[in-house]
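Structural characterization, general
Listed below, chain by chain, are the residues.
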Amino acid sequence: KGDAANNLKLVRMLQGVAPEDRTARFVCHVVLAAPGQVLAGANGTIEGVIIDQPRGTNGFGYDPHFLVPSLSMTTAQLDPDTKNRISHRGQALRLLIAAIGH
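It should be emphasised that the depicted structure is a prediction, and the values quoted were computed from it without experimental measurement.

**Topic: the overall build of the protein**
Assigned secondary structure in the protein consists of three helices and four strands. Traced from its N-terminal end to its C-terminal end, the protein shows the element sequence α-β-β-β-β-α-α. Its C-alpha atoms put the protein at 45 × 25 × 25 Å along the principal axes. Looking at the 102 residues of the protein, the share that counts as buried comes to 34%. Residue pairs in contact within the protein that sit at least 24 positions apart in sequence constitute 41% of those at least 6 positions apart. When the accessible surface of the protein is summed, it comes to about 6,700 Å², and 57% of that surface belongs to carbon and sulfur atoms. Across the protein, the 10 positively charged side chains and the 8 negatively charged ones have centroids separated by 5 Å.

**Digging into the nonpolar core**
One finds L10, L14, A24, F26, I46, I50, F66 and V68 forming the largest nonpolar core, which totals eight residues. For this core, the secondary structure elements donating two or more residues are β1 (23-34), β2 (37-50) and β3 (66-68). Counting six residues, the second largest nonpolar core, distinct from the first, contains C28, V30, A42 and A92.

**Structural notes on the sheet that holds β3**
If you walk across this open sheet you meet the four strands as β1-β2-β3-β4, and the pairing is antiparallel. Strand pairing shows two members of the sheet lacking a second neighbour, β1 and β4 (73-74), which therefore form its edges. The strands touched by helix α3 (residues 88-99) within the sheet are β1 and β2, with β2 carrying the most contacts at an inclination of about 155°.

**What about α3?**
Within an α-helix, residues lying three or four positions from one another point in the same direction, as the helix has 3.6 residues per turn. If you check α3, its first and last C-alpha atoms are 16 Å apart, about what twelve residues at 1.5 Å a residue would give, namely 16 Å. Taken residue by residue, α3 has H88, G90, A92 and L96 as its buried positions. Turning to α3, the residues buried within the fold contact β1, β2 and α2 (80-86). Phi for G101, located one or two positions after α3, is positive at around 80°.

What counts as what
- Residues numbered from 1 in each chain as written.
- Predicted model: local features only at pLDDT ≥ 70, side-chain atom pairs only at ≥ 80, totals over all residues.
- Heavy atoms only, no water.
- Helix = DSSP H or I, 4+ residues; strand = E, 2+ residues; numbered from the N terminus.
- Buried < 20%, exposed > 50% of the residue type's maximum accessible area, 1.4 Å probe, protein only.
- Contact = heavy atoms within 4.5 Å.
- Areas by Shrake-Rupley, 256 points an atom, 1.4 Å probe, with all protein chains shown as cover.
- Lys, Arg positive; Asp, Glu negative; His and termini not counted.
- Charge placed at Lys NZ, Arg CZ, Asp CG, Glu CD.
- Core = buried A, V, L, I, M, F, W, Y, C linked by side-chain atoms within 4.5 Å.
- Pairing = 2+ DSSP bridges.
- Axes fitted to C-alpha atoms, helices over the stretch in contact; angles between N-to-C directions.
- Expected span 1.5 Å × (residues − 1).

Structure (structure tokens):
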């Protein structure tokens, strides 16, 4: 199995689905907790569309098929600094850091 098998299954399941109906999003929820309490939490989201042909070699998982329309690139085509700046994980972690005052 692994990423290649998951991506093949994704593309197969979307056969015949119109491009405008292939919207997708990555979401990350992070929480800083101590025993019995939540100290802070934050969310990050990146919107995209799923494409059939993989593009790029960076990243993992669905990155080669997750196109960010505003950049006309998949997340697998982005350099690590750009991906971290716009990614759902990067957004959530920056918001969490701000929430705890650092």
